[in-house]
Amino acid sequence: MNVLIIGSGGREHALAWKLSQSKDVDRLFCVPGNGGISDVAECHDLNVSDTAGLIDFVRRMKIDLVVVGPENPLAGGIVDAFEEKGIPIFGPVARGANIEASKIFSKELMKASGVPTAPFQIFDDYSKAIAFIEKKEPPFVIKADGLCAGKGAYVIRDMEEAKGVLHNLMVGEIYGSAGKRTVIEDFLPGIEASYLAFADGETILPMPASQDHKPLLDNDLGPNTGGMGAYTPIPFINDAMDRDIRENIMLKTIASMKEMGIPYKGVLYGGLMISQGKPYVIEFNARFGDPETQPIIFKMESDLLPVLVASVEGKLKDIKEIKWREGVSVCVVMASGGYPERPEKGKIIRGLDQFKSEKDIMVFHAGTRKAGNEYFTSGGRVLGVTAIGADYEDAIRKAYDAVKKISFEGMQYRKDIGRKATII
Ligand code: AMP
Ligand code: GLY
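Residues numbered from 1 in each chain as written. Chains lettered and ligands numbered in written order. Predicted model: local features only at pLDDT ≥ 70, side-chain atom pairs only at ≥ 80, totals over all residues. Heavy atoms only, no water.

(A) Representation of the packing of aromatic side chains. Within the structure shown, the criterion is met by ten aromatic pairs. Centroid distance Tyr-400 to Tyr-413: 6.2 Å. Interplanar angle 40°. Geometry classified as tilted. Linking Tyr-400 in helix 12 (residues 392–404) with Tyr-413 in the loop between helix 12 and helix 13 (419–422), this pair joins segments that are 13 residues apart in sequence. Taken as a pair, Tyr-400 and Tyr-413 share a single burial class, namely buried. Here a set of aromatic residues connected by ring pairs shows up, and it is made of Trp-17, Phe-298 and Phe-364. Geometry around Tyr-269 places Arg-287 over its ring, the cationic atom sitting 5.9 Å from the centre. For Arg-325, the ring lying beneath its charged end belongs to Phe-298, and the centroid distance is 6.0 Å. (Phe/Tyr/Trp six-rings, centres within 6.5 Å; stacked < 30°, edge-to-face > 60°. Helix = DSSP H or I, 4+ residues; strand = E, 2+ residues; numbered from the N terminus. Buried < 20%, exposed > 50% of the residue type's maximum accessible area, 1.4 Å probe, protein only. Lys NZ or Arg CZ within 6 Å of the ring centre and 35° of its normal.)

(B) Here's a closer look at the sheet that holds strand 4 (residues 65–68). With respect to topology, five strands assemble into an open sheet ordered 3-2-1-4-5, the strand pairing being parallel. Taken across any chain shown, the strands that pair with only one partner, and hence form the sheet edges, are strand 3 (42–43) and strand 5 (89–90). With four bridges connecting them, strand 1 (residues 2–7) and strand 4 associate as parallel partners. Bridge pairing in strand 4 places Ile-5 opposite Val-67. Sheet contacts for helix 11 (residues 305–313): strand 1, strand 4 and strand 5; angle to strand 4, the most-contacted strand, approximately 95°. (Pairing = 2+ DSSP bridges. Contact = heavy atoms within 4.5 Å. Axes fitted to C-alpha atoms, helices over the stretch in contact; angles between N-to-C directions.)

(C) Layout of the sheet that holds strand 8 (residues 153–156). If you walk across this open sheet you meet the four strands as 6-9-7-8, and the pairing is antiparallel. Each of the sheet's edge strands pairs with one partner strand only, and the pair in question is strand 6 (120–123) and strand 8. The average angle at which neighbouring strand axes cross in this sheet is 20°, direction not considered. In this sheet, strand 8 lies alongside strand 7 (residues 140–144) in antiparallel orientation, the contact comprising four bridges. Looking across to strand 8, one finds that Ile-142 is bridged to Tyr-154. Contacts from helix 6 (residues 103–113) reach strand 6, strand 7 and strand 9 (182–186) within the one sheet, and its direction differs from that of strand 6 by about 140°. Across the sheet, helix 7 (residues 126–134) is in contact with strand 6, strand 7 and strand 9; its angle to strand 6 comes to roughly 155°.

(D) A look at the packing of helix 5 (residues 94–101) against helix 6. Where helix 5 meets helix 6, the axes come as close as 6 Å, and the angle between the chain directions of the two elements is 95°. Compared by their axis directions, helix 5 and helix 6 come out roughly perpendicular. Each of Arg-95, Asn-98, Ile-99 and Ala-101 in helix 5 lies in contact with helix 6, whose residues at this interface are Lys-103, Phe-105, Ser-106 and Leu-109. (Parallel < 35°, antiparallel > 145°, perpendicular 65-115°, else oblique.)

(E) Up close: the site of ligand 2. Close to ligand 2 lie Asp-212, Lys-214, Gly-226, Tyr-269, Asn-285, Arg-287, Gly-289, Asp-290, Pro-291 and Glu-292, which account for all nearby residues. Side-chain polar atom of Asn-285 to an oxygen atom of ligand 2: 3.5 Å apart, as the coordinates give it. Within the contact set of ligand 2, an oxygen atom lies 2.8 Å away from a side-chain nitrogen or oxygen of Arg-287. Computed on the free molecule, ligand 2 has an accessible area of 200 Å², of which 91% lies beneath the protein chains in the complex. A class-by-class count of the residues in the shell around ligand 2 yields two nonpolar, three polar and five charged. (Near = heavy atom within 4 Å. Polar contact = N/O pair within 3.5 Å; in protein donor to acceptor, adjacent residues only side chain to side chain. Areas by Shrake-Rupley, 256 points an atom, 1.4 Å probe, with all protein chains shown as cover. Nonpolar A, V, L, I, M, F, W, Y, C, P; charged D, E, K, R; others polar.)

(F) Summary view of the pattern of salt bridges. Under the definition given, this model contains 30 salt bridges. As a salt-bridge pair, Lys-347 and Glu-409 come within 3.4 Å of each other at their nearest N and O atoms. In this pair, Lys-347 sits in the loop between strand 18 (328–335) and strand 19 (348–349) while Glu-409 sits in the loop between helix 12 and helix 13, placing the two residues 62 residues apart along the sequence. Residue classification places Glu-409 among the exposed positions, given a relative accessible area of 55%. (Salt bridge = Lys/Arg side-chain N within 4 Å of Asp/Glu carboxyl O.)

(G) Structural detail: helix 8 (residues 159–171). Taking 1.5 Å per residue, 13 residues should reach 18 Å; helix 8 reaches 17 Å between its end C-alpha atoms and fits that length. Buried within helix 8 are the following residues: Ala-162, Val-165, Leu-166, Leu-169 and Met-170. Down the axis of helix 8, the buried set is contained in an arc of 105°. They therefore lie on one face. The opening residue of helix 8, the one whose side-chain oxygen lies 3.1 Å from the backbone nitrogen of Glu-160, is Asp-158. (Expected span 1.5 Å × (residues − 1). Arc of directions from axis to C-beta.)

(H) View of the site of ligand 1. Around ligand 1, 14 residues are found, and the nearest of them are Glu-185, Asp-186, Leu-188, Glu-192 and Glu-283. With respect to ligand 1, the side chain of Lys-103 contributes an N or O atom lying 3.1 Å from an oxygen atom. Between ligand 1 and the protein, one listed contact pairs an oxygen atom with a side-chain N or O atom of Glu-192 at 2.5 Å. Protein contact buries 90% of the 470 Å² of open area that ligand 1 shows by itself. For the shell around ligand 1, the secondary-structure elements that each account for two or more residues are strand 7, strand 8, strand 9 and strand 17 (278–285).

(I) Molecular detail of the environment of Asn-2. Along the chain, Asn-2 falls in strand 1. Setting aside residues no more than four positions away along its own chain, Asn-2 makes contact with Asp-26, Arg-27, Phe-29, Met-61, Lys-62, Ile-63, Asp-64 and Leu-65. Within the local environment of Asn-2, its side chain forms a polar contact with the backbone nitrogen of Arg-27, the two atoms lying 3.1 Å apart.

(J) Inspection of helix 2 (residues 51–60) at higher detail. For helix 2, the complete set of buried residues consists of Leu-54, Ile-55, Phe-57 and Val-58. Here the buried residues of helix 2 occupy an arc of 160° about the axis, which is enough to place them on one side. In this structure, helix 2 carries Ala-52 and Arg-60 as exposed residues pointing more than 90 degrees from its buried face. Buried residues along helix 2 sit in contact with strand 1, strand 2 (27–32), strand 4 and helix 4 (78–84). Lys-62 occupies a position one or two residues after helix 2 and carries a positive phi of about 55°.

Given below as structure tokens:
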């Protein structure tokens, strides 16, 4: 089969790396790709939002399966457009991607189907939102309805801040129409977990649960980022809770969408808060997580291709199980100086060539570009240094030993990725 991956991040490098090992993949393409992906796939710098151009490319290259990484093309209906032309594509249709692209759609669906989530109210009127929060005690959470590149949720600690956020979103329209409607919800204290599952419209095949580290600095301080590291599995979801999440959150959500006439295929990603021993959904995403995909896919022993094909064809129940490597997988993100506000670019990356034959270490590329035999930084999150170890201590040590051998000017990384697993 010829396969095309759409995207350019660490998540897409993990998918490309894994698919490049499949015996059934003949040619692997990526649009637009990055420095690391160009080592395992043919990268083409096409415009991802030009659906007609992509369809033309898919036909010329005789591509049999398209795999979509990021949320924007999904929300924009790339799957609908490809399906209309009869091109197999992994990901949900636009109405399914709404589970991520509209917090209001997602909260209403959860409420209607009894999926546990924080109590909430929806507002399209600024003065009504202000009147509502005046009667509320912080902490609470304000969320823009639409996609804001991961920046649309605000945990509110004081009233003045809340008023400023509502004004910026609903009146100032800092995120355009994405923030004109808002959700205000109760704050849930607890531990966050990412629960990703393959879906085929009917059933699901879960991946091991993982944990992201969103803030820039150690101990969850500093500004939020796309994610500074992740590890899998996590020690605070036992088998009983896993079953509960699978049945009462993931399958219920897929079933509700099916009832609405939405065949949800692709990855359903539950962003969970484990609060007082019970899982609640903080948000859903309609795609693989980044950086969670890097440690998860590094741990995957089975071939990824048949799972993707079964999702697209509605045949996941034919896949009895996915085999995972034993142990713990940890991914430490190395980011550019200035990230997340103004990441520096164009810095040479040193030390990458020493891991090529390591079975337990993989350096996934995100914001990198290759020129000749050298790699240069080209974005905020640059690398996801991923290691597998026998336990948390071993995996963390291996990941950081590898990080210390890599360098680029201005680099920053958290020193505590995976630590939460060792203190619980
Ligand atoms: P979201 O964009 O919805 O994932 O929210 C971003 C971050 O805000 C989450 O990763 C949580 O840390 C935090 N958050 C969002 N909603 C809540 C909530 N209801 N209770 C506590 N924290 C929340
Ligand atoms: N790791 C967070 C996300 O993919 O949205």
